[in-house]
Amino acid sequence: MGQERGGLRNARRGATLSGTTEERDVGQAVADKLRNEALELLDFPAIRRRLAEFTAFFGARALADELRPSYDEREVHALLKETTEGLVLLGEIGSLELGADTNPSPSIRRAALEGLLTGQELMAVGDVLGVLRRARSWPDRLLGSAPLLSLIAEGIPELRPLERQISGSIGPRGEVLDQATPSLGPIRKQISQAYQRVESALERVVQSGPGRDALQDDVISMRGDRLVVQVKSEHRSRVPGIVHDASNTGATLFVEPFSTVELCNSWRELVLEEQREVERVLRELSGMVGDLAEELVRGIELTSRLDLILARARLSAAIGGITPMSPNAISDASEAPVRLRLVQARHPVLEQQAVPIDIAVGPDWSVLVITGPNTGGKTVAMKTVGLLALMHQSGLLVPAAEGSSLPVFGGIF
């Protein structure tokens, strides 16, 4: 009987512990839900959109769209240090060319699976390689004043040989250049000459006596991969040759004269030889991209992070942002200690319409009551404090005057 009671007690204790774990999970889910709702209610998506406008690299734009505040104090301080270094970098170097609109990541993944990339896809990879090279090189000059950014830049792989190989083989419209291989240029010259021979032979047919009477038009056309002339169906016998097509009404036949068949064959053989040579170039370059896929992906991720930091710096400068002090760093004994102080804080979304506010919250306060008529000022005041706290914990400087201080909150609801 005693054993049964003990077993029952243990069972109940296990159920209680399980319930506590579930309650913790539910509590965390509720907190996450409230945090997400707060982002919407406090206009944080508008800050994301504004931040995205200051990005240049496609990867940074995606990161801006996904920006979320951190609730870890060390991480927040590191984010703010990055942004401050970004301001130093922009002040020293000015405009940086990190623009790339096309995301080649799907092409890189396909190349890693031994897929064949088109010239346009390789050109996009080449453009991104140029951005990675520039991102890797410029922070070296500011190693002392921007150590965090320099460390990120140093992690970008050196891929200049691949960039040179692509730029030397692929043109600005994605075409494979004549100099991509020793034989490609001469083949293309032969193709041009062979085409001119076919065209001249067809011109002679067009200008001949039988041709002038039998042809519907004196235009040389293409049907499939063959050059043809347009013959009236009732005069078919006057232009001996191979019929490749007919008009919808059947009144016009597209005929390749027998006299040009061998010339056209020679032209087509050269065209096929060129296509094989072009495919060989594309295959070789695609293989190189596939072999370096991991390095490319890492370079894109680090460059995206760098450009996002610079975007945070640009936005912070645009709104006149400052780095608020930590409440622990305030040592002026003449003032009462505060947990939060914002001096001349402005709502960044309202811009010129924003009315600056001063607000302070003591360290032992649990409630701050804001009173006044229903004219919207109380809501704006609360939203300003909440939004600036979110921005601060996302690595953005806040639009307020010097002397402001903000803690790192474990949650903003």
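About the cut-offs
Residues numbered from 1 in each chain as written. Predicted model: local features only at pLDDT ≥ 70, side-chain atom pairs only at ≥ 80, totals over all residues. Heavy atoms only, no water. Helix = DSSP H or I, 4+ residues; strand = E, 2+ residues; numbered from the N terminus. Contact = heavy atoms within 4.5 Å. Areas by Shrake-Rupley, 256 points an atom, 1.4 Å probe, with all protein chains shown as cover. Lys, Arg positive; Asp, Glu negative; His and termini not counted. Charge placed at Lys NZ, Arg CZ, Asp CG, Glu CD. Core = buried A, V, L, I, M, F, W, Y, C linked by side-chain atoms within 4.5 Å. Buried < 20%, exposed > 50% of the residue type's maximum accessible area, 1.4 Å probe, protein only. Patch = residues over 30% accessible without salt bridge, like charges linked within 9 Å, V, L, I, M, F, W, Y side chains within 5 Å. Salt bridge = Lys/Arg side-chain N within 4 Å of Asp/Glu carboxyl O. Pairing = 2+ DSSP bridges. Axes fitted to C-alpha atoms, helices over the stretch in contact; angles between N-to-C directions. Expected span 1.5 Å × (residues − 1). Phe/Tyr/Trp six-rings, centres within 6.5 Å; stacked < 30°, edge-to-face > 60°. Lys NZ or Arg CZ within 6 Å of the ring centre and 35° of its normal.

> Can you walk me through the overall build of the protein chain in this structure?
Across its full length, the protein chain holds 13 helices and six strands. Once the C-alpha set of the protein chain is aligned to its principal axes, its extents read approximately 110 × 75 × 50 Å. Pairs at least 24 residues apart make up 69% of the contacts formed inside the protein chain by residues separated by at least 6 positions. For the protein chain, the computed accessible surface area is about 22200 Å², with 52% contributed by carbon and sulfur atoms. Distance between charge centroids for the protein chain: 2 Å, based on 46 positive and 55 negative side chains.

> Honestly, the nonpolar core in this entry has me stumped. Any pointers?
Generally speaking, nonpolar side chains in soluble globular proteins are found buried as a group. One finds Phe-57 and Val-289 to be the most contacted residues of the largest nonpolar core, which totals 73 residues. Of all the elements, helix H12 (residues 293-318) adds the most residues to this core, at eleven residues. If we ignore the near neighbours within four places in the chain, the residues touching Phe-57 are Leu-98, Ala-100, Val-128, Val-131, Leu-132, Ile-300, Thr-303, Ser-304 and Asp-307. Counting 19 residues, the second largest nonpolar core, distinct from the first, contains Leu-202, Ala-214, Val-231 and Trp-267.

> Just checking my understanding: could you explain a nonpolar patch on the surface for this structure?
On the surface, a nonpolar cluster with roughly 390 Å² of combined accessible area is contributed by Val-26, Val-30, Leu-34 and Phe-413. Checked against the element boundaries, Leu-34 lands in helix H1 (residues 2-41).

> So what exactly am I meant to see when it comes to the sheet that holds strand E2 (residues 226-232) here?
In a beta sheet, neighbouring strands pair by backbone hydrogen bonds and run either parallel or antiparallel. Taken in spatial order, the four strands make up an open sheet running E1-E2-E4-E3, and their pairing is antiparallel. Taken across any chain shown, the strands that pair with only one partner, and hence form the sheet edges, are strand E1 (215-223) and strand E3 (241-246). This sheet shows a mean twist of 35° between the axes of neighbouring strands, independent of strand direction. One ladder, built from five bridges, connects E3 with strand E4 (residues 252-257); its direction is antiparallel. Bridged to Asp-245 within E4 is Phe-254. Across the face of the sheet, helix H9 (residues 184-207) comes into contact with E1, E2 and E4 while running at roughly 10° to E2. Those strands touched by helix H11 (residues 261-291) are E1, E2, E3 and E4, and its axis lies near 145° from that of E2.

> Got a minute to help me understand a negative patch on the surface in this structure?
Together, Glu-199, Glu-203, Asp-217 and Asp-218 make up a negatively charged patch on the protein surface. Breaking the negative patch down by element, the ones donating at least two residues are H9 and E1. Among the secondary structure elements, Glu-203 is positioned in helix H9.

> Honestly, the environment of Met-123 in this entry has me stumped. Any pointers?
For Met-123, the position within the fold is in helix H6 (residues 119-137). The sequence separation of Met-123 and Glu-163 amounts to 40 residues, and the corresponding C-alpha distance is 9.6 Å. If we ignore the near neighbours within four places in the chain, the residues touching Met-123 are Ile-170, Gly-171, Pro-172, Arg-173 and Gly-174.

> Would you take a moment to explain the pairing of E2 for this structure?
Within a regular strand, the side chains alternate between the two sheet faces. Buried residues dominate E2, accounting for six of its seven residues. By the bridge criterion, five bridges tie E1 to E2 in an arrangement that is antiparallel. Note that in E2 the partner of Ser-221 across the bridge is Val-228. The loop that links E1 with its antiparallel partner E2 comprises two residues; one of these, Gly-224, has a positive phi angle of about 70°. Examined bridge by bridge, E2 and E4 share four bridges and lie antiparallel to one another. Paired with Val-229 across the two strands is Val-255, which belongs to E4.

> Sorry if this is basic, but what is going on with H6 here?
Spacing of three or four residues puts side chains on the same side of an α-helix, whose turn is 3.6 residues. The end-to-end C-alpha separation of H6 is 27 Å, in line with the 27 Å expected for 19 residues at 1.5 Å each. Lining the buried residues of H6 we find helix H3 (58-65), helix H5 (105-112), helix H7 (147-154), helix H8 (160-169), H11 and H12.

> Help me understand the packing of aromatic side chains in this model?
Within a pair of aromatic rings, the relevant descriptors are the distance that separates the centres and the angle that separates the planes. The final tally for this structure, using the stated rule, is two aromatic pairs. Taking the centre distance of 4.4 Å and the plane angle of 35° together, the rings of Phe-57 and Phe-58 count as tilted. Each of the two residues, Phe-57 as well as Phe-58, counts as buried. Between the NZ or CZ atom of Arg-35 and the centre of the ring of Tyr-71, over which it lies, the distance is 4.1 Å. Positioned above the aromatic ring of Trp-267 is the side chain of Arg-268, whose terminal nitrogen or guanidinium carbon lies 5.3 Å from the ring centre.

> Explain the environment of Asp-307 to me, please; I cannot follow it from the model alone.
The topology assignment puts Asp-307 in helix H12. Between the C-alpha atoms of Asp-307 and Gly-99, which are 208 residues apart in sequence, the distance is 9.3 Å. If sequence neighbours within four positions are ignored, Asp-307 has contacts with Thr-55, Ala-56, Phe-57, Ala-60, Leu-98 and Arg-314.

> I would appreciate a short explanation of the environment of Gly-59 in the present structure.
With respect to the helices and strands, the residue Gly-59 is situated in helix H3. The spatial distance from the C-alpha of Gly-59 to the C-alpha of Ser-105 is 9.9 Å, given a sequence separation of 46 residues.

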